[in-house]
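Architecture at a glance
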Amino acid sequence: MGSLETTNVEELDALIIGAGFSGVYQLKKLRDEGYKVKIVEAGSGYGGIWYWNRYPGARVDSHAPHYQFSDPELWQNFHWKQRFPDHTQLREYFEFVAEKWDLRKDTYFNTYISSAIWDETQYKWIIKAKDGRTFKTTFFLPHTGIAASRAFPDWKGISSFKGLIVHSSYWPHDEPDLKGKKIAVVGTGSTGVQLSHALSEVAGDLTVFQRTPAMPLYMRQVDYADDEESIPKSELVEFFKARDVGYWGFDFGFIQKGTFEDDEAQRRANYETLWKAGDFTYWLGSYTDMLFSIEANHEAYKFWREKTRARINDPKLQELLAPEKQPYPFGCKRVPLERGYYEMFNKPNVHLVDVNQTPVVEVTEKGIKTTEKEWDFDIIILATGFDAVTGGLTTIDIRGAGGQSLKEKFHQHGPTTYCGISVAGFPNMFFSYGPQAPAAFCNGPTCAELQGKWIADVMNTLRQSKLSSIVADEAAEKAWGEHVETVAYASLLPKAKSWYMGDGIPGKPRASQMYLGGVPNYHEKLRSCASSGYQGFHFAGLRV
């Protein structure tokens with residue numbers, strides 16, 4: 001499109017959206033490289049999803065010390081109080097990072113970006129905020145993450161409820177009075193599992209609405225004294241090196257053999273060891289074929305089912321929560337961690353509604369009406385997730401070369417990127433922790449640093465070469481998309497209905513939202529792209 005008239009604009013080298021791990025790392029990295037860069041954030045504080053996630057029970061399930069930046073200035077001076085820190089401590093960490101890295105001077109809070117349009121004559125992005133501010137920038141870096149756009153159920157009468165109804169990711173900063181209340185939790189994903197158990201400790205009556213049973217693992221929480229650490233700080237330099245080359249961005253990976261290479265006794269012993277770790281290792285540190293073979297996956301499910309049913313008293317609830325017949329491949333929907341989720345269903349004031357057997361008809365003034373009965377509630381909490389991975393990008397009106405819409409492109413074809421970091425037709429736009437990258441299959445800070453460094457290197461290349469723009473080729477994008485799908489369909493991932501595949505959002509094409517090939521393979525792809533002169537991209541606009 002032609003040149004855009006702009007007045008009262010702030011001119012930048014780069015504008016970053018999102019103040020989570022990816023955004024704040026990118027700000028620090030680019031500023032260190034000498035760029036004029038700002039970050040905009042819709043919330044009023046740092047943390048990304050951890051600014052918004054403050055519901056009861058919210059905590060990270062990447063165990064310490066994985067979930068932090070590798071900068072020694074930070075980890076030498078910050079103490080984690082728990083193996084799995086809660087949302088409060090995570091926000092404390094981000095405030096600590098903001099002070100150490102002096103982020104505030106280049107951050108605009110309470111700023112929601114409504115549009116970003118590529119001006120082909122200036123080789124610039126013209127970006128507008130809802131409050132009327134305008135930015136003109138060479139690089140547009142929407143680090144919106146995988147959970148920036150909430151999903152709500154399309155239920156009749158949802159606005160008629162007279163009590164409090166809230167999405168879990170919009171939890172009120174002024175904590176509502178929950179004690180003794182009749183509370184509904186809709187959804188049993190990671191949030192629903194955490195939230196339900198926390199609420200069961202205070203609610204007068206708790207009802208959980210389940211469509212598909214989750215398959216959470218028991219969390220082995222540890223509280224650290226002031227002089228205790230998960231790993232001695234003297235070992236953290238080597239730890240971060242191991243984290244960076246781990247398949248999932250952790251310091252552990254698969255057991256390097258197939259499930260049936262062990263006999264039943266050996267296999268059970270391995271499962272028991274993984275289980276007792278009380279973290280993601282039963283899921284992500286299991287046998288190499290667990291996520292790729294139905295038979296191998298079923299072995300893992302059987303052990304999980306046995307452990308889980310032993311914690312549930314009622315046989316009917318055992319079948320709803322840990323069915324005898326495996327409902328989907330284990331680990332192919334997000335696996336939460338929990339501490340007492342199943343035991344809470346043994347309480348007389350905690351109920352489970354299977355919406356497959358008794359579907360929701362409507363929301364009424366008093367509560368939720370199913371085909372069986374009307375349930376009265378004081379509070380309804382929607383733990384119904386997000387338009388995951390792509391939603392943070394498509395909620396912004398992003399238009400690239402020729403005025404093409406990113407939202408329309410993704411709506412027609414599903415997520416289409418090159419290397420999970422750029423999109424053909426959208427020059428000088430890069431993102432991290434987004435579609436067709438490892439994203440949720442990678443420990444967040446690991447990929448924030450990996451992708452953030454690569455983006456900075458691209459920008460340095462253009463600056464040194466006096467070039468104005470770089471954009472991915474359609475053919476390279478198509479090849480990467482085919483590779484992502486090939487890897488996904490070699491696994492069991494598509495056999496589960498999950499946000500991993502774009503399910504649950506009406507009209508969203510079904511496709512693998514992320515790259516399952518592992519962080520080392522992904523990193524090698526980025527390295528080889530850069531070392532070949534950014535093969536798969538083309539440059540334009542020689543500056544004189």
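Everything in this summary refers to the structure shown in the same document. (Residues numbered from 1 in each chain as written. Predicted model: local features only at pLDDT ≥ 70, side-chain atom pairs only at ≥ 80, totals over all residues. Heavy atoms only, no water.)

Evaluated as defined, the whole model comprises one disulfide. Note that Cys442 is cross-linked by a disulfide to Cys447, the S-S spacing being 2.3 Å. Of note, the bridge from Cys442 to Cys447 carries an S-S torsion of about 110 degrees and is right-handed in sense. The class of Cys447 is buried, set by a relative accessible area of 1%. (Disulfide = S-S within 2.5 Å. Buried < 20%, exposed > 50% of the residue type's maximum accessible area, 1.4 Å probe, protein only.)

Taking strand neighbours across the sheet as the criterion, the five strands line up as 7-16-8-9-12 in an open arrangement whose pairing is parallel. Taken across any chain shown, the strands that pair with only one partner, and hence form the sheet edges, are strand 7 (164–167) and strand 12 (350–354). Pairwise comparison of adjacent strand axes, ignoring direction, gives a mean angle of 15 degrees for this sheet. Against the sheet, helix 5 (residues 190–200) makes contact with strand 8 (182–186), strand 9 (205–210), strand 12 and strand 16 (379–382), and its axis sits at roughly 170 degrees relative to strand 8, the strand it touches most. (Pairing = 2+ DSSP bridges. Helix = DSSP H or I, 4+ residues; strand = E, 2+ residues; numbered from the N terminus. Axes fitted to C-alpha atoms, helices over the stretch in contact; angles between N-to-C directions. Contact = heavy atoms within 4.5 Å.)

This paragraph deals with helix 1 (residues 21–32). Relative to the 16 Å expected for 12 residues at 1.5 Å per residue, helix 1 spans 17 Å between its end C-alpha atoms, a close match to the ideal helical length. The buried fraction of helix 1 amounts to 10 of the 12 residues, a majority that puts the element mostly inside the structure. Listed in full, the buried residues belonging to helix 1 are Phe21, Ser22, Gly23, Val24, Tyr25, Gln26, Leu27, Lys28, Leu30 and Arg31. Next to the buried residues of helix 1 lie strand 1 (9–17), strand 2 (37–40), helix 4 (87–100), strand 3 (107–108), strand 6 (134–142) and helix 14 (444–465). One or two residues past the end of helix 1 sits Gly34, with phi positive at roughly 90 degrees. (Expected span 1.5 Å × (residues − 1).)

This brings us to the nonpolar core. One finds Tyr282, Trp304, Phe430 and Trp454 to be the most contacted residues of the largest nonpolar core, which totals 132 residues. Once you skip the residues sitting within four places of it in the chain, Tyr282 turns out to touch Leu217, Tyr271, Leu274, Trp275, Met290, Ala300, Phe303, Trp304 and Phe330. Counting residues in each nonpolar core, the second largest holds 21 residues, with Ile17, Ile127, Phe140 and Phe431 among its members. (Core = buried A, V, L, I, M, F, W, Y, C linked by side-chain atoms within 4.5 Å.)

Time to look at the pattern of salt bridges. The full count for this structure, using the stated rule, is 32 salt bridges. The partner of Asp177 in a salt bridge is Lys181, and the shortest N-O contact between them spans 3.3 Å. With a relative accessible area of 52%, Asp177 lands in the exposed category. For Arg243, the salt bridge is made with Asp244, and the minimal N-O distance between the two is 3.8 Å. Each of the salt bridges in this network shares a partner with another, and the network as a whole consists of Arg31, Lys38 and Asp106. (Salt bridge = Lys/Arg side-chain N within 4 Å of Asp/Glu carboxyl O.)

Note that strand 13 (residues 360–363) and strand 14 (residues 367–370) share three bridges and pair antiparallel. Within strand 14, the position partnered with Val360 by the bridge is Thr370. Connecting strand 13 to the next strand, strand 14, in antiparallel fashion are three residues. As judged from the three bridges shared by strand 14 and strand 15 (residues 374–376), these two strands associate in the antiparallel manner.

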